[in-house]
Structures are given as structure tokens and as C-alpha cells.
Amino acid sequence: MERAEVPAPAAWRNLIVATVGFTLTFWAWALIAPLGSDYHDRLALTSVQQSLLVAVPVLVGSIGRVPVGALTDRYGARRMFPLVSALTVVPVVLLIPARDSYAATLAVGFLLGLAGTTFAIGVPLVNSWFPPARRGFALGVFGMGMGGVALSGYFTPRIAQRGEHLPFVVVAVALAVYAVLAALLIRDRPDRPLPTQSFGHRLGAAGRLRVTWELSALYAIGFGGIVAFGVYLPTYLKTGYGLTPTDAGTKAAGFALLTVAARPFGGWLADRVHPAVVTAGALGFVALLAIVQAFDPPLDPVGTVCLLCIAAGLGTASGSVFALVSQVTPQPQVGSVTGIVGAVGGLGGFVPPLVMGAVYSARGSYSIGFMLLSDLALAGCVYAYVRMRTVRPSAAGDAPGDGSGGPGVAVAGPGPGPGAPVRGGGG
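Please read these numbers as outputs of a predicted model, since none were measured by experiment.

*Asks:* Residues and numbers for the overall build of the protein, please.
*Replies:* Secondary structure assignment for the protein yields 17 helices and two strands. Per-residue burial for the protein yields a buried fraction of 54% across its 427 residues. For the protein, long-range pairs separated by at least 24 residues make up 83% of all intrachain contacts whose partners lie at least 6 apart in sequence. A total of about 16900 Å² of accessible surface is found on the protein, and carbon and sulfur atoms cover 71% of it.

*Asks:* Lay out the state of the cysteines in plain terms, naming residues and giving numbers.
*Replies:* Under the definition given, this model contains zero disulfides. The closest cysteine sulfur to the non-disulfide-bonded Cys306 is located on Cys309, 7.0 Å from its own sulfur.

*Asks:* Before we move on, can you summarise the nonpolar core with the specific residues and values?
*Replies:* Ranked by size, the top nonpolar core spans 107 residues in total, and within it Tyr39, Val92, Phe142, Leu215, Phe229 and Phe370 carry the most contacts. If one sorts the elements of this core by residue count, helix α11 (residues 210–241) sits on top with 13 residues. What Val92 contacts, discounting residues up to four positions off in sequence, is Ala28, Leu31, Leu112, Phe168, Val171, Ala172 and Leu175.

*Asks:* Report on the pattern of salt bridges, specifying residues and quantitative values.
*Replies:* Throughout the structure, instances matching the rule amount to eight salt bridges. Between Glu164 and Arg99 there is a salt bridge whose closest N-O contact spans 3.8 Å. With Glu164 in the loop between α8 (148–160) and α9 (166–185) and Arg99 in the loop between α4 (77–98) and α5 (102–112), the pair connects residues that are 65 residues apart, well separated along the chain. Residue classification places Arg99 among the buried positions, given a relative accessible area of 3%. The salt bridge partner of Glu214 is Arg387, with a shortest N-O separation of 2.6 Å.

*Asks:* Talk me through the packing of helix α1 (residues 9–29) against α4; I want residue IDs and the actual numbers.
*Replies:* Contact pair α1 / α4: the axes reach a minimum separation of 11 Å and the direction vectors enclose 20°. By the criterion of interaxial angle, the relationship of α1 to α4 is roughly parallel. Read as a crossing pair, α1 and α4 show a hand that is left-handed. Touching Ala18, Gly21, Phe22, Thr25 and Ala28 of α1 are Phe81, Ser85, Thr88 and Val92, all from α4.

*Asks:* An account of the confidence of the model for the protein is needed here, citing residue identities and associated values.
*Replies:* Averaged over every residue, the pLDDT of the protein is 81; the share at 70 or more is 89%. Across residues 394–427, where pLDDT falls below 50, the model places 91 contacts with residues more than four positions away in sequence or in other chains.

*Asks:* Residue-level account of the packing of α4 against helix α6 (residues 119–129), with values.
*Replies:* Look at α4 against α6: their axes get within 10 Å of each other, and the N-to-C directions meet at 150°. Our classification of the angle between α4 and α6 gives roughly antiparallel. Taken as a pair, α4 and α6 cross one another with a handedness that is left-handed. The residues of α6 that touch α4, namely those facing Ala77, Met80, Phe81 and Val84, are Ile121, Gly122 and Leu125. Grouping the constituent residues of the contact of α4 with α6 by class yields six nonpolar, one polar and no charged.

*Asks:* Can you break down the packing of aromatic side chains residue by residue, with the values?
*Replies:* In total, this model carries 14 aromatic pairs according to the counting rule given. With 6.3 Å between their ring centres and 25° between their planes, Phe119 and Phe142 make a pair best called stacked. In this pair, Phe119 is assigned in helix α6 and Phe142 in helix α7 (residues 132–143), connecting sequence segments 23 residues apart. We note that Phe119, like Phe142, is buried. Consider the rings of Tyr236 and Tyr366, whose centres lie 4.9 Å apart with planes at 85°: the pair is edge-to-face. Taken as a pair, Tyr236 in helix α11 and Tyr366 in the loop between α16 (351–363) and α17 (367–386) lie far apart in primary sequence, 130 residues in all. Tyr236 sits in the buried class, given a relative accessible area of 2%. For Tyr366, a relative accessible area of 4% translates into the label buried. Members of the aromatic cluster, each reached through a chain of ring pairs, are Phe22, Phe26, Trp29, Phe119, Phe142, Tyr219 and Phe223. Looking at Arg99, its charged tip hangs above the ring of Tyr39, at a distance of 5.6 Å from the centre.

Rules used throughout
Residues numbered from 1 in each chain as written. Predicted model: local features only at pLDDT ≥ 70, side-chain atom pairs only at ≥ 80, totals over all residues. Heavy atoms only, no water. Helix = DSSP H or I, 4+ residues; strand = E, 2+ residues; numbered from the N terminus. Buried < 20%, exposed > 50% of the residue type's maximum accessible area, 1.4 Å probe, protein only. Contact = heavy atoms within 4.5 Å. Areas by Shrake-Rupley, 256 points an atom, 1.4 Å probe, with all protein chains shown as cover. Disulfide = S-S within 2.5 Å. Core = buried A, V, L, I, M, F, W, Y, C linked by side-chain atoms within 4.5 Å. Salt bridge = Lys/Arg side-chain N within 4 Å of Asp/Glu carboxyl O. Axes fitted to C-alpha atoms, helices over the stretch in contact; angles between N-to-C directions. Parallel < 35°, antiparallel > 145°, perpendicular 65-115°, else oblique. Left-handed = near helix turned anticlockwise from the far one by under 90°. pLDDT = per-residue confidence, 0-100. Nonpolar A, V, L, I, M, F, W, Y, C, P; charged D, E, K, R; others polar. Phe/Tyr/Trp six-rings, centres within 6.5 Å; stacked < 30°, edge-to-face > 60°. Lys NZ or Arg CZ within 6 Å of the ring centre and 35° of its normal.

Okay, structure coming up:
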């Protein structure tokens, strides 16, 4: 039976609580990066050691979404959200005694990666509670929790000025309080389908779905682009335009905030237009603007407008891709697929900065890097529009499809109209 088109009050409560938790855990996930200069000076680190210290939690958190997503399918967000939030308190507190040892901080950073896995908990929770016509917007709102990284970048160093251990204490207390509230307030949907297969079987089944890797590629372009710009934009602005570190950081923060704001817009738009069309349009927009930026326009106003519009395009694409996940993924496998897609998206953000740096070292220009971004975004645009509009989840969820869509995916005619429920993927 189709669900009512009006979300229940419990749906909004779960969305709000999950978004707060996502924001807090992402703040914890990004605790080391804003204090990178302090670690550099305190421990006399090389640039490679400092980069590794920042990268380890991100890499572990991205990869960790795969098993956490599968566990959420089995045990539900009601158990997983409080559990992961409470466990994250441990590495946050351990950062205090570990601060004077590089090896210890690196080990704790590995454990801190757990905080980055909550994305794979919240998506199946929100997906199960909201009807198809509202699901894109709801997932976009939840996705705003990635702004916890921006909050960490702004507040963590400022709190540290009042006490070097204070940021860790504040975040640990906030996570502990949240874990209790989450245990009291988060509820899984009563009719949530429970998988009967083993963890390995479910993860393997999600990995065998062709659509998992198609969504992963699209998300790697959208969210991976956001991560890449977040990591490399300050360097690009300082090197390419000669800005001071403060000015570059301010403009980079504006870029990050716009991507956060654009994500629910992408989900909202995907509720009214097929999410594959929204994804294609957003990536096509990014491709066009990347070409403009490749010609090194003056920063004021053309470069600034161009970079901000790229931010809006990438944020919109990130929101619409997860609206697409909810349409083309069988409901019992949403957590497993989300884990894989989220992992690939997070990891996708580490390749472009390496390419941009290598290109600049070899050619003394960022133009080739932006042209490569344009090519990649254009490829995603074409694939989303031509292929992803026709994908449906199979009725059985994990049964083989007809061959054209890969395992567990059936290919039909044109996509559903705005707000049309999708049987099988809509729960």
C-alpha cells in the first residue's frame, strides 16, 4: 500500500534529530584539520605528515560508511545513531592526551574516522520515514549536516584560544548529550523491512547492483567536487589570485556554506522534476562554468561569481543524487547502497586536489585542471540524463534484473513524474 503523501510528525522529529547528530559528528570528524598549524608547530611535522594527519579520519570515515550502512539496514538507526555518537566521544577525548605524540594522534585520528560514518545511518532513516514526493527535500535537509565541517573550521580554533583542550571537551560533552537524546527520540519506522541475509551477503548484494556504482560515480563528481574544493580552494585562491590566507579562507568558507544551502534545494527540486534530470542540469551548469574559470577570469567579479555558481551546482547535484538513490534502490538495501555511494563520494574528493597540484607544478596554471573538471561534469551530465532517468528497482529488491539494468535493477520507460511514488524503491 502506498504511503500517505503527508509526512507524519515522527518523520519531522527524526529528520531534525538525525540532522543535528550528523552535524555534531561531522564537527568531531573535522576536529584535527582546523588545528593543523598547531600540530605542525607542536610536533615539528613535515607537510606530508600534516596532510596524513588530516587525511586519515576522512579516509577511515569514508570507507567506514560501507559496513555502517549495512549494519543500519539490519539494526536500524535507533540503535546505530546513539551507538556511533557515544563511541565517537572516546577518540575525541583521547585527542587530549595524544596531542604531544604524532603516532598517538595518528592512531586516535584513525578511530575518529568513526564520526564520518553517520551519513550512512541517517539516509536510510530519513528515506524510510518520508513519502517519495517529499523524500528529496528531506534528504537534502539531512545533508546540510555536512556543514558541521564548516562549523568545525570556524569555531574549533576560536574555542581553542580560550583553552587548548576546550574544543575536545565541548565536542565530547555535546556528543554524549546527543547520544542520550537520540536514544530517546529516534525511532525506526515500524514497518521498516528487515533484511534476513547475513551482513556479507547484503553488502555483496548491494555491490552487485549496477546502480550502486552508477550512483557512486555521480556522487563522486558532486560531493567529491565539494570535498576537493573544500581542501584545495584556499590554496588555489592564494596561488592563483594572490589572496592572503585570511581572505582565501573567508572566500572558501562562503563556497562551503553555499554548497550546504544548495543541497536541500537540489532535493526539493528533485521532488518536482525527476532527480536524474536535476543532476544532469546541475552537472551541465558546473561543466560550463568550469570552462569559464579555466580562462583565469578576474576574481572580482567574474571569478567569484563563477566559483560560487560552481558551488551551487555541486551542492544541487549532491542533493539530487540522493533523491535518486531513494528512487532506484530497493528499500531493504538503502543503507548498504548509501554506505558504498557515500564512501566513493568521500574518497572521490582526494583525487582532484592531487591532479590540480600536479598540473600546476608541471604547467604553472590551473586551466587544465578546470578543463578536466568540465569534462568529468559533462560526462556525468550526459550519463545521468540518458541512462539514470530509466532505472527502476526490481520488485524483489535483490533479484537479478533483466540484464540491461544489472542485478536488482529493471529498466523501464521515462522516469516518473514529479512526486510519483516508485514501487519497490519507495518502501
